[in-house]
Amino acid sequence: METHVDLKKLRTLALPLGVLGLAASAFGFTQDRETFAVSWLMGWTFWFYLSLGSLGWLMIYHLTSGRWGFVIQRPLEAASRLMPVMFLLFIPVILCMHELYEWTHEEVLATDKLVQHKASYLNEQGFIIRWAIYFVVWSFLAFALSRLSRKAGAENNPDTVKRLRVISAPGLVAFALAATFASFDWLMSLEPHWFSSIYGAVFMVASGLSTMLFLAVVMHTLAQREPLKSVITPQQFHDIGNWCFAFTILWTYMNFSQFIIIWSGNLYEETFWYLHRAKGGWVEVSILMAIFLFAAPFILMLFRANKRNSKILAAIALPVFIFRFLEVYWLVGPTFREQAAVFHWMDAAALVGIGGLWLWLFATGLKNAPLLSGDARFTEFAKGKASGH
Amino acid sequence: MKETNNNSIYGVVAEFPDGESLLAAAHRVREAGYTATDAFSPIPVHGLTEALGIKPSKLAGLVLLGGIAGAFGGLGLQYAVSVEFYPHIVSGRPLFSWPSFVPVIFEATVLIAAFAAVFGMFILNRLPEPYHPVFNTPNFQKASTDGFFLSIEARDPKYDASAVRALLEKAGAVAVTEVGKHPDDPE
């Protein structure tokens, strides 16, 4: 399998595909608003995971300064800087709030006691205000970190690296709070009766996992030429692979925790969410998820050699990354579709449209800064490498 | 000098001044075709295991087998207890309620895999081993501070004391000793 994609080729391919997908989605919007809204939310979430996950990884790297970080730093920054774009691409969801979120319906609000109780949080104004706040927080962090890190690379000044850390510590707290409430607003409230307190954490881990899988492919591509070719070693791919492996396990563990707590409690106010996903082909989707999002990557990434060889790692990561659409499909779909197998053409249109635009902007954004950050952490690594440690 | 016969000789042990000369010597010894070799160093010397041609440890495979055995053991134990031997309906659930088995399966996997790692390590290293002939080498305690040693054992099919000695001296050893299996055996 060919997993090495030339960035120039990606740019020329992604933009027309994106435009085509967006045009098809716009056409779908005029035809059937509900189907469009569901497809758009799924496609948007799939790609949003990459921007959100990148921002999280970036701050974790600035706090820990692991040797895994400086090679992936620039791609992470480029992906996190797409936050404002993801903000704008969320507007269709706002426009179709009535099609997606039951709690916006007058008649539901009039009769449903539980929705009435939640109305002080779950209301349209609140939803829109919070959406703006989340993206202000994330965009501020993304741009502040990108600007500082470019400065740190140009100056090679340890103080600037320290400032990155000073932003990242409170930044990570704000990031996690915003992501938790965002996941409640955008996905969990699709079923306004249902609740799970681990939902926000699963959302963040899912975005971290998507990002690392995506990065394994990106880094394999970037490692084909300078400046990364002479710097990147099997050790860095081993680290990326270990992150993918660990987050695969963590994601499974959290999803299973959520399931087993609800299964053990066996209360209808919680179990109906899983009961939706236990009929009409949704069980098969769950089984596919268990195989392609847990069992297969777990077994393949158990072996050291598979993680140290970037070609093999990318060949594992790319299909798993694409299969992660199953999770989004499984989170959003059952609320609207009785049958799992109803994969609508608009699902593909939104996925390709948003994805094409996202990838094109990402590949373009990568050119904005030198691919290798020359900050103090990198120079330290390069010194160590030269002396053979 | 006491008479030595081949059965009481462990092999030849050479001391080197640093890791680099040890590594260089290891390459020469390997090229000369010796197989029953080992090296002793206070710090990890990068590339030494490859230079001596030491095969990767079988421990990872043992741990994997331990994990698989633990998983099936945990599943089998719970299945046997809750379905075969003591069928008992709890809160209206089927006897084979696999979700509740998963945590125990997981724990059993980790437990047996950890046992396989610890005991497998002991067995593969042939521990405990309170006595080893290589300790008869003069200054061998330096192997845990600043000494670098390379041994070629007498059981090596190519073993010939004088040839081995010449090779190691040429490779830059500061001291080469023929070591006996017992403290009072050699020279």
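Residues numbered from 1 in each chain as written. Chains lettered and ligands numbered in written order. Predicted model: local features only at pLDDT ≥ 70, side-chain atom pairs only at ≥ 80, totals over all residues. Heavy atoms only, no water.

Quick look at the pairing of strand 4 (residues 175–180) of chain B
Residues and elements named next belong to chain B. Which entries qualify depends on this criterion: We call a residue buried when its accessible area falls under 20% of the maximum for its residue type, exposed when it is over 50%, and partly exposed in between, using a 1.4 Å probe and counting protein chains only. Put simply, DSSP H or I for four residues or longer makes a helix, DSSP E for two residues or longer makes a strand, and each gets a number counted from the N terminus. What makes two strands pair is DSSP finding at least two bridges between them.
Burial within strand 4 is extensive, with five of its six residues counted as buried. Taken together, the six bridges between strand 1 (residues 9–16) and strand 4 define a ladder with antiparallel strand orientation. Bridge pairing links Gly11 to Val179 in strand 4.

Examining the packing of helix 16 (residues 310–323) of chain A against helix 17 (residues 325–332) of chain A
Residue and element names in this part refer to chain A. Short version of the rule: For helices, the fitted line uses only the C-alpha atoms of the stretch in contact; every axis is such a line through C-alpha atoms, and the angle between N-to-C directions lies from 0 to 180 degrees. When describing relative orientation, an angle under 35 degrees is termed roughly parallel and one over 145 degrees roughly antiparallel, while 65 to 115 degrees is termed roughly perpendicular and anything else oblique. Note on contacts: a residue pair qualifies if any of its non-hydrogen atoms lie within 4.5 Å across the two residues. Any residue that is not Ala, Val, Leu, Ile, Met, Phe, Trp, Tyr, Cys, Pro, Asp, Glu, Lys or Arg is counted as polar, Gly included; the first ten are nonpolar and the last four charged.
In the contact formed by helix 16 and helix 17, the axes pass within 4 Å of each other and the chain directions differ by 15°. Classified by the angle between their axes, helix 16 and helix 17 sit roughly parallel to one another. Residues Phe321, Ile322 and Phe323 of helix 16 form the contact with helix 17, whose participating residues are Phe325, Leu326 and Glu327. Class assignment for the residues of the contact of helix 16 with helix 17 results in five nonpolar, no polar and one charged.

Remarks on the interface of chain A and chain B
We apply this condition: What counts as buried area is the accessible surface, traced by a 1.4 Å probe, that two parts surrender upon association, with contributions from both included. One side-chain nitrogen of Lys or Arg within 4 Å of one carboxyl oxygen of Asp or Glu is enough to make a salt bridge. Polar contact is defined as a pair of N or O atoms within 3.5 Å, subject to the rule that within protein one atom must be able to donate a hydrogen and the other to accept it, and that residues adjacent in sequence are counted only when both atoms are side-chain atoms.
Taken together, the seven residues of chain A in the interface contact eight residues of chain B. Between chain A and chain B lies a buried interface of about 660 Å² when both sides are counted; carbon and sulfur atoms form 76% of it. A per-residue breakdown of the area chain A buries against chain B is headed by Phe256(A), Ile260(A) and Trp263(A), which together make up 63% of the total. Our enumeration of links across chain A and chain B arrives at zero salt bridges. Taken together, chain A and chain B are joined by two residue pairs in polar contact (both at pLDDT 80 or more). Residue composition of the side of chain A that touches chain B, grouped by class: five nonpolar, two polar and no charged.

Re the confidence of the model for chain B
Using the following cut-off: The score called pLDDT rates the predictor's confidence residue by residue, from a low of 0 to a high of 100.
For chain B, the average pLDDT comes to 86, and 95% of its residues sit at 70 or higher. Two numbers describe this predicted complex: its pTM, 0.85, and its ipTM, 0.74.

What about the sheet that holds strand 3 (residues 148–153) of chain B?
Whenever strands of a sheet pair, they do so through backbone hydrogen bonds, lying parallel or antiparallel. Residue and element names in this part refer to chain B. The strand order across the open sheet built from four strands is 2-3-1-4, with neighbouring strands paired in antiparallel fashion. In this open sheet, the two strands that pair with only one neighbour each are strand 2 (37–40) and strand 4. When the angles between neighbouring strand axes are averaged without regard to direction, this sheet yields 20°. Pairing geometry for strand 1 and strand 3, over six bridges, is antiparallel. Residue pairing in the sheet places Ala14 in a bridge with Leu150 of strand 3. Sheet strands touched by helix 1 (residues 19–31): strand 1, strand 2 and strand 3. Its angle to strand 3, the strand with the most contacts, is close to 20°.

Thoughts on the nonpolar core
Going by this rule: Residues enter a nonpolar core if they are buried and are Ala, Val, Leu, Ile, Met, Phe, Trp, Tyr or Cys, with the set joined through side-chain atoms within 4.5 Å.
Of all hydrophobic cores here, the largest spans 127 residues; its most connected members are Trp138(A) and Trp186(A). Among all residues touching Trp138(A), those that are not within four sequence positions of it are Phe48(A), Leu52(A), Leu55(A), Met83(A), Phe175(A), Ala178(A), Ala179(A), Ala182(A) and Trp186(A). Grouped together as the second largest cluster of nonpolar side chains are 25 residues, Ala25(B), Val45(B), Phe148(B) and Leu168(B) included.

Section: the packing of helix 14 (residues 282–301) of chain A against helix 16 of chain A
Residues and elements named next belong to chain A. Interaxial distance between helix 14 and helix 16 falls to 10 Å at its minimum, and their mutual angle equals 170°. Here helix 14 is positioned roughly antiparallel relative to helix 16, judged by the angle of their axes. Residues Phe292, Leu293, Pro297, Leu300 and Met301 of helix 14 touch helix 16, and the partners they reach there are Leu313, Ile316, Val320 and Phe323. Class assignment for the residues of the contact of helix 14 with helix 16 results in nine nonpolar, no polar and no charged.

Considering the packing of aromatic side chains
As a reminder, the rule being used: Only Phe, Tyr and Trp rings take part, Trp by its six-membered ring, and two of them pair if their centres are within 6.5 Å. Stacked means planes under 30 degrees apart, edge-to-face means over 60, and tilted covers everything else. The rule is short: NZ of Lys or CZ of Arg within 6 Å of the ring centre and within 35 degrees of the ring normal puts a charge over the ring.
Counted by the stated rule, this structure contains 62 aromatic pairs over all chains. Seen from their ring centres, Phe256(A) and Phe259(A) are 6.0 Å apart, and the 55° between their planes marks the pair as tilted. Taken together, the positions of Phe256(A) and Phe259(A), both in helix 12 (residues 234–265) and three residues apart, correspond to about one turn of that helix. On the basis of relative accessible area, Phe259(A) is assigned to the buried category, the value being 19%. Note that Arg277(A) overlies the ring of Trp273(A), its terminal NZ or CZ placed 3.6 Å from the centroid. It is Lys158(B) that lies over the ring of Tyr34(B); its NZ or CZ is 5.5 Å from the centre.

Focus: the confidence of the model for chain A
On average, residues of chain A carry a pLDDT of 88, and 95% of them reach 70 or more. Summarising per-element confidence for chain A, the mean pLDDT is lowest in helix 19 (residues 376–386) of chain A (65) and highest in helix 4 (residues 83–89) of chain A (94).

Some details on a negative patch on the surface
All names here are of chain A. Applied cut-off: Think of a patch as exposed residues, more than 30% relative accessible area, with no salt bridge, where like charges cluster within 9 Å and nonpolar side chains (Val, Leu, Ile, Met, Phe, Trp, Tyr) cluster within 5 Å. All accessibility values rest on the Shrake-Rupley procedure with a 1.4 Å probe; residue burial counts only the protein chains present in the view. Neither His nor the chain ends is counted toward charge; the positive residues are Lys and Arg and the negative residues Asp and Glu. Charge positions are represented by NZ for Lys, CZ for Arg, CG for Asp and CD for Glu.
Together, Glu102, Glu106, Glu107 and Glu124 line one region of the surface with negative charge. Inspection of the secondary structure puts Glu102 in the loop between helix 6 (97–100) and helix 7 (106–111). What makes Glu102 partly exposed here is its relative accessible area of 37%.

Brief notes about unusual backbone geometry
Residue and element names in this part refer to chain B. The residue after Leu127, namely Pro128, is reached through a cis peptide bond having omega -5°. With a phi angle near 40°, Ser91 is a residue other than glycine that sits in the positive phi range. With respect to the helices, strands and loops of the structure, Ser91 is situated in the loop between helix 3 (59–85) and helix 4 (98–124).

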